[in-house]
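Structural description and commentary
So you can see what is in the structure, the chains are spelled out below.
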Amino acid sequence: NAGVTQTPKFRILKIGQSMTLQCTQDMNHNYMYWYRQDPGMGLKLIYYSVGAGITDKGEVPNGYNVSRSTTEDFPLRLELAAPSQTSVYFCASSRLAGADNEQFFGPGTRLTVL
Amino acid sequence: LAKTTQPISMDSYEGQEVNITCSHNNIATNDYITWYQQFPSQGPRFIIQGYKTKVTNEVASLFIPADRKSSTLSLPRVSLSDTAVYYCLVGDAYTDKLIFGTGTRLQVFP
C-alpha cells in the first residue's frame with residue numbers, strides 16, 4: 001500500500017492564482033482531512049470528510065474548498081491565492097473517528113504564494 | 001475540545017529516558033489522549049493513545065493519573081533518531097477532529 005499520497009510536493013503561486021492540491025489514499029479509509037502547518041507551529045485543520053459526498057469545515061476553512069466524489073480522493077482547492085496561504089499542507093486519513101482515529105499523514109505539499 | 005499545554009522544548013542525551021508531560025485540565029469524560037511524532041519535512045505519525053492508567057507499546061509508554069488532567073509520554077533509552085516534535089492531543093471519543101498544539105521539540109544529543 002502506498003498509504004496517503006500528495007501532489008505536488010512543491011509549488012510556487014502568484015497572488016490571485018488558483019490551484020488544486022491532490023490527495024489520494026489506498027487504505028479504503030472513510031475519513032480524510034486537510035491540515036496546514038505554518039513554520040514552527042502545530043497543524044490546523046482546514047476541512048475534513050467523513051465519507052464520499054460529505055465534507056465539513058475545520059478551524060481555518062476560509063480561502064479553501066474541498067470535494068469528495070470518491071473514497072480515495074480528497075482534493076483541496078485554493079482560489080485567489082494570498083501570501084497568508086504560504087504553508088505546508090498535509091492530507092491525512094483514518095479508518096475510524098473518535099477514540100480509534102489514528103490518522104495516517106501524507107508527505108505534505110509545500111506552497112509558497114508570492 | 002480540551003486545550004493542551006506542553007513544554008516548548010526539551011533536551012536529552014542518547015540512552016536516557018525522556019518524559020514529556022502534557023496538561024489538559026479541561027478534559028471531558030469521553031476524551032482520549034493521543035500522542036503524535038513529527039520529523040522535519042514529514043507528516044505527523046501516531047505514537048500512542050490512552051484513556052486512563054498506563055498504556056505501553058513497542059515505541060513508548062503513556063501514563064495517565066486517575067484525575068486525567070495530565071499525561072506523560074515516556075520514551076525509553078532515546079536515540080538521535082528520536083529528535084522530533086511531539087504533540088499531545090485530546091479528542092472526544094465521538095469527534096472526527098484533532099486539535100494540534102505547538103508540540104514539544106525534543107533534541108537528543110550524542
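Please refer to the structure higher up on the page.
Figured I'd write up the structure that's included with this text. (Residues numbered from 1 in each chain as written. Chains lettered and ligands numbered in written order. Predicted model: local features only at pLDDT ≥ 70, side-chain atom pairs only at ≥ 80, totals over all residues. Heavy atoms only, no water.)

With that out of the way, let us pick up the overall build of chain A. For chain A, the helix and strand inventory stands at zero helices and eleven strands. Shown N-terminal to C-terminal, the secondary structure of chain A runs as helices and strands in the order β-β-β-β-β-β-β-β-β-β-β. Its C-alpha radius of gyration of 13 Å places chain A within 12% of the 13 Å reference for a compact globule of 114 residues. Projected onto the principal axes, the alpha-carbon positions of chain A cover approximately 40 × 30 × 25 Å. Classification of the 114 residues of chain A by burial places 46% in the buried group. Within chain A, residue pairs in contact and separated by at least 24 positions form 55% of the contacts whose partners lie at least 6 positions apart. One way to put it: in chain A the 10 positive side-chain charges average out to a point 10 Å from where the 9 negative ones average out. (Helix = DSSP H or I, 4+ residues; strand = E, 2+ residues; numbered from the N terminus. Rg over C-alpha atoms; globule rule 2.2 N^0.38 Å. Buried < 20%, exposed > 50% of the residue type's maximum accessible area, 1.4 Å probe, protein only. Contact = heavy atoms within 4.5 Å. Lys, Arg positive; Asp, Glu negative; His and termini not counted. Charge placed at Lys NZ, Arg CZ, Asp CG, Glu CD.)

All right, on to the overall build of chain B then. Along the backbone of chain B there are zero helices and nine strands. When the helices and strands of chain B are listed from N to C terminus, the series reads β-β-β-β-β-β-β-β-β. Projecting the C-alpha coordinates of chain B onto the three principal axes gives extents of approximately 40 × 30 × 25 Å. Taking the intrachain contacts of chain B between residues at least 6 apart in sequence as the baseline, contacts between residues at least 24 apart amount to 58%. For chain B, the accessible area works out to roughly 5,600 Å², and carbon and sulfur atoms hold 49% of it. With 9 positive and 9 negative side-chain charges, chain B shows a spacing of 4 Å between the two charge centroids. (Areas by Shrake-Rupley, 256 points an atom, 1.4 Å probe, with all protein chains shown as cover.)

Here we take up the state of the cysteines. Residue and element names in this part refer to chain A. Going through the model one piece at a time under the given rule, you end up with two disulfides over all chains. Each disulfide pairs two cysteine sulfurs, and for Cys23 the partner residue is Cys91, the sulfurs being separated by 1.8 Å. The sign of the S-S torsion, about -70°, decides the handedness of the disulfide formed by Cys23 and Cys91: left-handed. Of this pair, Cys23 sits in strand 3 (residues 19-25) while Cys91 sits in strand 9 (residues 87-94), and the two are 68 residues apart along the sequence. (Disulfide = S-S within 2.5 Å.)

Turning to the nonpolar core, a few remarks are in order. Residue and element names in this part refer to chain B. If you look at the biggest cluster of nonpolar residues, it comprises 20 residues, and the most contacted ones within it are Ile33, Trp35, Ile47, Leu73, Leu75 and Tyr86. The set of elements that each furnish at least two residues to this core consists of strand 2 (18-23), strand 3 (31-38), strand 4 (45-50), strand 6 (61-64), strand 7 (70-75), strand 8 (84-92) and strand 9 (104-109). Apart from residues no more than four positions distant in its own chain, Leu75 is found in contact with Gln16, Glu17, Val18, Val59, Ala60, Tyr86 and Leu106. (Core = buried A, V, L, I, M, F, W, Y, C linked by side-chain atoms within 4.5 Å.)

With that out of the way, let us pick up the interface of chain A and chain B. Counting residues at the interface gives 25 residues for chain A, matched by 22 residues for chain B. Applying the counting criterion to the chain A and chain B interface returns zero salt bridges. Taken together, the connections running from chain A to chain B amount to three residue pairs in polar contact (both at pLDDT 80 or more). If you list the elements that add at least two residues to the side of chain A that touches chain B, you get strand 4 (31-37) and strand 5 (43-51) of chain A. When the residues that make up the side of chain A that touches chain B are grouped by side-chain class, the tally is 13 nonpolar, seven polar and five charged. (Salt bridge = Lys/Arg side-chain N within 4 Å of Asp/Glu carboxyl O. Polar contact = N/O pair within 3.5 Å; in protein donor to acceptor, adjacent residues only side chain to side chain. Nonpolar A, V, L, I, M, F, W, Y, C, P; charged D, E, K, R; others polar.)

Turning our eyes to something else, we now look at the pairing of strand 9 of chain A. Taking burial as the measure, the eight residues of strand 9 of chain A include eight buried ones, the bulk of the element. Neither face of strand 9 of chain A is left uncovered, since the one carrying A:Ser87, A:Tyr89, A:Cys91 and A:Ser93 and the one carrying A:Val88, A:Phe90, A:Ala92 and A:Ser94 both have all their residues buried.

A separate point is the environment of A:Ser67. By the secondary structure assignment, A:Ser67 is in the loop between strand 7 (64-66) and strand 8 (76-78). Beyond its immediate chain neighbours, meaning those up to four positions away, A:Ser67 contacts A:Thr55, A:Asp73, A:Phe74 and A:Pro75.

Glancing now at the pairing of strand 6 (residues 54-57) of chain A. Residues and elements named next belong to chain A. In this structure, strand 5 lies alongside strand 6, joined through four bridges in antiparallel fashion. Bridged to Ser49 within strand 6 is Thr55. Here strand 5 hands over to strand 6 after two residues, with Gly53 in that stretch at a positive phi of 85°. (Pairing = 2+ DSSP bridges.)

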